[in-house]
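# Structural overview for review
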Amino acid sequence: MSTSDTGHDDYSITRVPATKRKHWFGIAVQRFGQTSDLSQFLLGATFGFGMTFWDAFWAFTVGALIVEALMIFVGIAGMRQGLTTSMLARWTGFGRGGASVLGLAICISLIGWFGIQSAISGAGLNQIVPEVPAWAWSLGFGLVVTLIVVRGFESMQWLANITVPLFMILIGWAAWAELSNHSIGQLINDAPPGPALDFVTATTIVAGSAVLGAVITPDMTRYNRTAGDVVKQTVVGMTLGNYTIGMIGVLLAHAVKTADVTQIIFSSVGWVGILIIVLGTSKINDWNLYSAGLGVVSFFNSAMNKRLNRGHVTLLLGVMGSVLAAIGILDKFIDILMVLGVVFPPVAGIIMAEYFVVKKWRPLLEANRDSGLPPAKSPNWIPATFVIWTISAALGYYVTFGLPALNSLAAAFILYIIAGKLNLLRSYGDTQPTIEPTTKEESVTAP
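Residues numbered from 1 in each chain as written. Predicted model: local features only at pLDDT ≥ 70, side-chain atom pairs only at ≥ 80, totals over all residues. Heavy atoms only, no water.

### Here we look at the overall build of the protein chain
Put simply, the rule is: Strands here are runs of E lasting at least two residues and helices are runs of H or I lasting at least four, both read from the DSSP assignment and numbered beginning at the N terminus. Relative accessibility thresholds used throughout: buried, under 20% of the residue-type maximum; exposed, over 50%; partly exposed, between the two (1.4 Å probe, protein chains only). Two residues qualify as a contact provided that any one of their heavy atoms is within 4.5 Å of a heavy atom in the partner residue. For the accessible areas, the method is Shrake-Rupley and the probe is 1.4 Å, while residue cover comes only from the protein chains on display.
Within the protein chain, the regular secondary structure consists of 18 helices and two strands. By residue count, 58% of the 447 residues in the protein chain fall in the buried class. Considering only contacts in the protein chain between residues 6 or more positions apart, those separated by 24 or more positions represent 87%. Just so you have it, the protein chain exposes about 16,500 Å², and 68% of that area is on carbon and sulfur atoms.

Structure, rendered in structure tokens:
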């Protein structure tokens, strides 16, 4: 089956060649689209409803610093090797078997996020045309995004170039329309209008809302050319996304006295605003679906040595996620964020510890970087990694002091290094991937 039958395969299990690497600014637009969407605005409004302006500011700051550090280090590994997260994980502590589990876990989580974003958009569209129920809008929105993602990275870049500027215009318009009727100084000093939200919970939510995006960063940065490009796009995208969109949400929640994002926007600029926000939301939702598809392709390749067409997988997952949106997964929004805040940071900690410190399998990655293909051999099962992952996630979930996301990340990073020093990172069985290029482009060497 040709990869052109249903979209581009986008080097789902091979390295991105040097000839297909992109300028950092275009990818930064996509990164900004991930962090400056409706869900970020929702976080800002939620914080503004339950926190003072400055408490919300510091919650965003601490959470963003954690996530940016993860994105930069994990992203540099993805850039250097040109591999997706699920593929890179085979040689960064998880092995082929562990990467299968990770790819499946990433897919499940991202399909959940895809449903959440589609449901948010459905609620917004229902404000414009209430005759059509929100579930139907959610379903339709999810399917439209699915068709875009099936076409691959290039069509997603085209979408970002259109929706991100429109979204920023909308946010500026909504903020000006509402905040011009209030004293900014007074809003900054106002007490929160709703029930109090504590700092630790808020910071965990910030990290949880973006930590999965940090883990899957190689899916994006494998298209970068240099480590400096990774840093620039991360700092620009994450910082502007968090502060511009998040803090505007805080101020608007103080002004309107509600955390209901659609009500805030609808009362400020009417249906046009909601329509543009829906377009902006599509920019994070396409990446949710894109990385979910890559995770499934990697899972079947790792677990069953089968190569699936990324476009076909994306189409199936998109339909599933759209149905989840229609049946109301949005109701579990905060619960999902809290769980993600402790489950996925250990993954980034393990990858960073292996790639930058322990380096047990890094020579395999470096040996054939110019071939365009992954290493010929990979470890299969590394039991110590699963033990570290479980212990670290449990520490993040049950330890009551500090920041759960940071606790679980630090625990995984330190425990993995200790395991490496004690020679506990033993692989049970090595495998030889049978990955062959399916297009002429995939035969081009990677940097």
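Still more to cover.
### Brief notes about helix H5 (residues 95–128)
To be explicit about the condition: For a helix, the expected span equals 1.5 Å multiplied by the residue count minus one.
For H5, spanning 34 residues, the distance from its first C-alpha to its last is 49 Å, which sits close to the expected 50 Å at 1.5 Å a residue. For H5, the buried fraction is high: 26 of the 34 residues fall into the buried class.

### Regarding helix H15 (residues 345–358)
Along its 14 residues, H15 runs 18 Å from first to last C-alpha, staying within 8% of the 20 Å computed at 1.5 Å per residue. The buried fraction of H15 amounts to eleven of the 14 residues, a majority that puts the element mostly inside the structure. Among the residues of H15, those classed as buried are Pro-345, Pro-346, Val-347, Ala-348, Gly-349, Ile-350, Ile-351, Met-352, Ala-353, Glu-354 and Tyr-355. The positive-phi residue at the C-terminal boundary of H15 is Lys-359, with phi of around 60 degrees.

### A word on the pattern of salt bridges
Side chains that carry opposite charge are capable of pairing whenever their charged atoms lie near each other. For clarity, the cut-off: What makes a salt bridge here is a side-chain nitrogen of Lys or Arg within 4 Å of a carboxyl oxygen of Asp or Glu, nothing more.
This structure, assessed with the given rule, holds five salt bridges. A salt bridge links Lys-257 to Asp-190; the nearest nitrogen and oxygen atoms lie 3.9 Å apart. One end of the pair, Lys-257, is in the loop between helix H11 (227–256) and helix H12 (261–304); the other, Asp-190, is in the loop between helix H8 (184–189) and helix H9 (199–215), and 67 residues separate them in sequence. Of the charged contacts in the structure, one is a salt bridge between Glu-366 and Arg-362, with a shortest N-O distance of 3.3 Å. Here the residue Glu-366 and the residue Arg-362 both occupy positions in helix H16 (residues 362–367), the gap between them amounting to four residues, near one helical turn. Arg-362 sits in the buried class, given a relative accessible area of 16%.

### Details of the confidence of the model for the protein chain
The criterion, for reference: Note: pLDDT gives the predictor's confidence per residue, expressed from 0 to 100.
The pLDDT averaged across the protein chain works out to 83; a share of 88% of its residues lies at or above 70. Averaged pLDDT values for the elements of the protein chain fall to 64 in helix H14 (residues 333–343) and rise to 94 in H15. Scored below 50 in pLDDT, residues 1–7 shows 15 contacts in the model against residues more than four places distant or in partner chains. This model gives residues 437–447 a pLDDT under 50, and the stretch forms 37 contacts once residues within four places in sequence are excluded.

### A short note on the side chain of Asp-190
For Asp-190, a relative accessible area of 17% puts it in the buried group. In this structure Asp-190 touches Thr-52, His-254 and Lys-257, once residues within four positions along its chain are discounted.

### Concerning the environment of Trp-54
Inspection of the secondary structure puts Trp-54 in helix H3 (residues 53–81). A C-alpha to C-alpha distance of 9.6 Å links Trp-54 and Met-247, two positions 193 residues apart in sequence.

### A word on the packing of H15 against helix H18 (residues 404–421)
We apply this condition: To get an axis, a line is fitted to the C-alpha atoms, and for a helix only the part in contact is used. The angle between two axes follows their N-to-C directions and goes from 0 to 180 degrees. In this scheme the handedness of a crossing depends on how the near helix is turned from the far one: anticlockwise by less than a right angle means left-handed, clockwise means right-handed. Only Asp, Glu, Lys and Arg are considered charged in this grouping, and only Ala, Val, Leu, Ile, Met, Phe, Trp, Tyr, Cys and Pro are considered nonpolar; every other residue, Gly among them, is considered polar.
Direction vectors running N to C along H15 and H18 enclose 35 degrees, while the axes themselves pass 8 Å from each other. Crossing handedness for the pair H15 and H18: right-handed. Here H15 contributes Pro-345, Pro-346, Ala-348, Gly-349, Ile-350, Met-352, Ala-353, Glu-354, Val-357 and Val-358 to the contact with H18, which in turn contributes Ala-405, Ser-408, Leu-409, Ala-412, Phe-413, Tyr-416, Ile-417 and Gly-420. Per-class residue counts for the contact of H15 with H18 are 14 nonpolar, three polar and one charged.

### Observations concerning the packing of helix H6 (residues 134–150) against helix H13 (residues 310–326)
What counts, and what does not: Relative orientations are named as follows: roughly parallel for angles under 35 degrees, roughly antiparallel for angles over 145 degrees, roughly perpendicular for angles from 65 to 115 degrees, and oblique for any other angle.
Running from N to C, H6 and H13 cross one another at 165 degrees; their axes reach a closest spacing of 8 Å. Of the possible angle classes, the one that applies to H6 and H13 is roughly antiparallel. Pair H6 / H13 crosses with right-handed handedness. Along its contact with H6, which presents Trp-135, Ser-138, Leu-139, Gly-142, Leu-143, Thr-146, Val-149 and Val-150, the element H13 presents Arg-310, Gly-311, Thr-314, Leu-315, Gly-318, Val-319, Ser-322, Val-323, Ala-325 and Ala-326. Class assignment for the residues of the contact of H6 with H13 results in ten nonpolar, seven polar and one charged.

### Observations regarding unusual backbone geometry
Phi is positive for Lys-359, which is not a glycine, with a value near 60 degrees. One can find Lys-359 in the loop between H15 and H16. For Lys-359, a relative accessible area of 41% puts it in the partly exposed group. The residue Asn-423 is not glycine, and still its phi comes out positive at about 60 degrees. Secondary-structure assignment places Asn-423 in the loop between H18 and strand E2 (428–431).

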